[in-house]
Amino acid sequence: MLNDPRWYKTAVFYELYVRGFQDGNADGNGDFRGLTERLDYLQWLGIDCIWLLPIFQSPLRDDGYDVSDHFAIIPEYGTLADFYEFLEAAHRRGMRVIADLVMNHTSDQHPWFQESRQPGSAKRDWYVWSDTDQTYQDARVIFVDTETSNWTWDPVAQAFYWHRFFSHQPDLNYENPEVQEAMLEVVRFWLDMGLDGFRLDAVPYLFEQEGTNCENLPETHAFLKRLRKEVDSKYEDKLLLAEANQWPPDVVPYFGDGDECHMAFNFPVMPRMFMALRREDRTPIVEIMNRTPKIPDAAQWGLFLRNHDELTLEMVTDEERDYMYAEYAKEPRMRRNIGIARRLAPLLDNGRRQIELLSSLLLSLPGSPVLYYGDEIGMGDNIYLGDRNGVRTPMQWTGDRNAGFSKADPAALYLPFLMDPVYGYQAVNVEAQERVATSLLHWLRRLVQVRKQHAVFGIGDYEPLYPENRRVMAFIRQLGDDVVLVVANLSRFAQPATLDLSRWIGLLPEEMFGRTPFPIIDGTPYRIAIGPHGFYWFHLVEPPADPDDTATFRAIRGTA
Ligand code: NOJ
Ligand code: CA
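This write-up is about the structure you can find in this document. Source: prediction; values computed, not measured.

1. Things to note about the sheet that holds strand β17 (residues 472–479)
Next up, step 1: Pairing is antiparallel in the open sheet, where 6 strands are placed in the order β16-β17-β18-β23-β20-β21. Unpaired on one side and paired on the other, β16 (461–465) and β21 (516–517) mark the two borders of the sheet.
Next up, step 2: Pairing geometry for strand β20 (residues 508–511) and β21, over 2 bridges, is antiparallel. Its bridge partner being in β21, E511 is matched across the sheet by T516.

2. Overview of the coordination of the calcium ion (ligand 2)
Next up, step 1: In this structure, D23 (OD), N25 (OD1), D27 (OD), N29 (O) and D31 (OD) serve as the protein donors to the calcium ion (ligand 2), at separations of 2.1 to 2.4 Å.
Next up, step 2: Counting gaps between the donor residues of the calcium ion (ligand 2) yields the pattern D-x1-N-x1-D-x1-N-x1-D. There is no split in this pair, since D23 and N29 are both buried.

3. Focus on the site of ligand 1
Next up, step 1: D62, Y65, H105, F143, F165, R199, D201, E243, H308, D309, R388 and R392 make up every residue found near ligand 1.
Next up, step 2: Between ligand 1 and the protein, one listed contact pairs an oxygen atom with a side-chain N or O atom of D309 at 2.4 Å.
Next up, step 3: The separation between an oxygen atom of ligand 1 and a polar side-chain atom of R388 is 3.0 Å.
Next up, step 4: Within the complex, the protein chains bury 98% of what would otherwise be the 300 Å² of accessible surface of ligand 1.
Next up, step 5: Here the shell around ligand 1 is built from residues that sort into 3 nonpolar, 2 polar and 7 charged.

4. Here's the deal with helix α4 (residues 80–92)
Next up, step 1: For α4, with 13 residues, the first-to-last C-alpha span of 18 Å sits near the 18 Å given by 1.5 Å per residue.
Next up, step 2: Buried residues of α4: D82, F83, F86, L87, A89 and A90, and no others. Looking straight down α4, one finds its buried side chains confined to an arc of 165 degrees; they lie on one side. For α4, the exposed residues lying more than 90 degrees away from the buried face are A81, E85 and R92.
Next up, step 3: Turning to α4, the residues buried within the fold contact α2 (32–37), α3 (39–45), β2 (49–52), β4 (69–73), β5 (96–102) and α6 (177–193).
Next up, step 4: At the C-terminal side of α4, G94 shows a positive phi close to 80 degrees.

Definitions and cut-offs
Residues numbered from 1 in each chain as written. Chains lettered and ligands numbered in written order. Predicted model: local features only at pLDDT ≥ 70, side-chain atom pairs only at ≥ 80, totals over all residues. Heavy atoms only, no water. Pairing = 2+ DSSP bridges. Helix = DSSP H or I, 4+ residues; strand = E, 2+ residues; numbered from the N terminus. Donors = N, O, S within 2.8 Å, 3.2 Å for Na, K, Ca; no water. Buried < 20%, exposed > 50% of the residue type's maximum accessible area, 1.4 Å probe, protein only. Near = heavy atom within 4 Å. Polar contact = N/O pair within 3.5 Å; in protein donor to acceptor, adjacent residues only side chain to side chain. Areas by Shrake-Rupley, 256 points an atom, 1.4 Å probe, with all protein chains shown as cover. Nonpolar A, V, L, I, M, F, W, Y, C, P; charged D, E, K, R; others polar. Expected span 1.5 Å × (residues − 1). Arc of directions from axis to C-beta. Contact = heavy atoms within 4.5 Å.

Function cannot be inferred from these measures alone, as they are strictly geometric.
Here's what the structure looks like:
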C-alpha cells in the first residue's frame, strides 16, 4: 500500500457516516467499534479509501461540522483508541482512510470561541468580529433555510461575528497567523496517527475581503499551498480533497500547479448527470465537461452522484434549477437550502436501470468515484426528517431488529430507520442482496471490479464522441494503447447510434463485463443499438489472428 503517491487516482472511495453505519455498544449511535466489524464488507465491495464524515469532538448540531475539540473523538463514536484500532484494521485490509477537516469554522462551543468572545482576550482575533453587520455584503448566504445573514450579534463579545454557515459555526480568522498555525497542528496530529488525508470542508471561504464575494480569494489559495507544503515535507502518500462547490474555472485553481489539493470534487457535473437522464439528452454533461479546464497531471476529480448533503443546485442556471426542482423535487419538503435532499434510488424512482446507468457514468467519467453509504443497496430517504437527516438514516444491514444496525431500543436510535414498504429495511438490506446474485449490490461490486482492472478509468484521457443521436452519450478513455469506449443510452427507449471510430479501424470492441466480441471496426461508420437506459463499456483490442478465437467463442466451444 505504501509508496504510491498517486494512489487516489485509481481509488474507489466510500463516504460514510460513522454514526449511521454500525452501533457497536448498543447505545443507538454508530461508532468505531461497530465500523471496525463492518470493514470486511467494505473490503468485499472493493473500496480503496473510506471517507469519514467529521469525527472530531462536537456538540453535533451539524453532525460534526461544528468542532468543539480538534484533538478528541466525538464521544458517541468512541475513544481515540477505538479510532486508532479501526484505522489499523482498515490499513491491514489495504484500505486507506480520510476524514473531514473543517478548517473554515468551529462550533460556538469550542474553547477558542468561548475565549474569543471575552473582550480583550488573547484569542479575540481568532474569529472575525465586527461592530457592524454591514461588511462583506457581497457574500451570499449559503444555508438560506435557516440563516438570513452571515453576521450574528454576540451579547458577551458586544460585537457581530462572521459565519458562512449556521450561526453556531463562527468562522475562524485566517488573517491571524496563530489560527493558521493551530490548524496545521491539527493536521499534523491526525496524519501522525496514520490518517491518510482529509476532505477539506468548505475551503473557498477561509478569507474575507470587502468588495468581493469572499470566495476563492488569493489568500485562501496561498494558505492551501502552505498546507500542502507542510504535508509534503513531513509525510508520504497523503491526500487533500477539496470541497469547493464552484463553477469549473473557480474549482480548477484548487489543484494549483499540482502544489495545492490533490483532488477536488467535481460539483458542476453532478446535477447535470441527473438533468441529462431526465431530458434524455447528453448535452448537459458533454457541455460542462467541455467547459472544464484541464487539470495538472497529478490532480484528480472526485466524482459523486449523492452525498450527505442536498443535491446542490447552486452551480446551475436559474432555468436549470427550476427544471431540476420540477423533475426531482415534486414535494416542497424534498427541498433543502438550494437543492434537493434525497438519496440516489428515490431520485430515480427506484429505477434499477437508471441507477445502473448513472453508476456506470460515475465509474467511467474522468475522476475517482465516491460512493455514498447505502446507495450501493438502493437505500431510500426520509423526507420528513429535518435538515439533511433524511439521507443520513441507519445503514440497513439485515431484516432483523433495527435493520441489524443496533441492539438498542428503537426509540434510542439517533434517527429512525426506514420502514416503508419500498425502501424499508425489510425490503432493502445488505444481507438479502448478498444472497441474490442479481442484486444491485452484486452488480455494483462487479462494476467496481471491472473498473479496477483497468487503470485507464482512473488516469486515462477523456474525449467525447458526438453521435448524431443526442440521447446517446459516447466517449473514449485512453491510456497509451489502452482504449475504452463508453456508450450510454440516456433514453428510456432503445436507441440506435452511429459512431465515428475511424481512428481505431481494425480493432475489436470487446464488451468488458462478458468479454463479448463485437464486430470489428472497419472503414464504415460504426452502428450500434442500445437498450433502454443501457450502457456499454468496450475495450478496443487487437482481434485474434483467428477471428473465431475470442474468449466467447472459446467458451462456447468449451476450449477456454
Ligand atoms: C459542507 C458540508 O458538506 C456540510 O454538511 C456542512 O453543513 C457545511 N460544509 C458546513 O461545514
Ligand atoms: Ca454506539
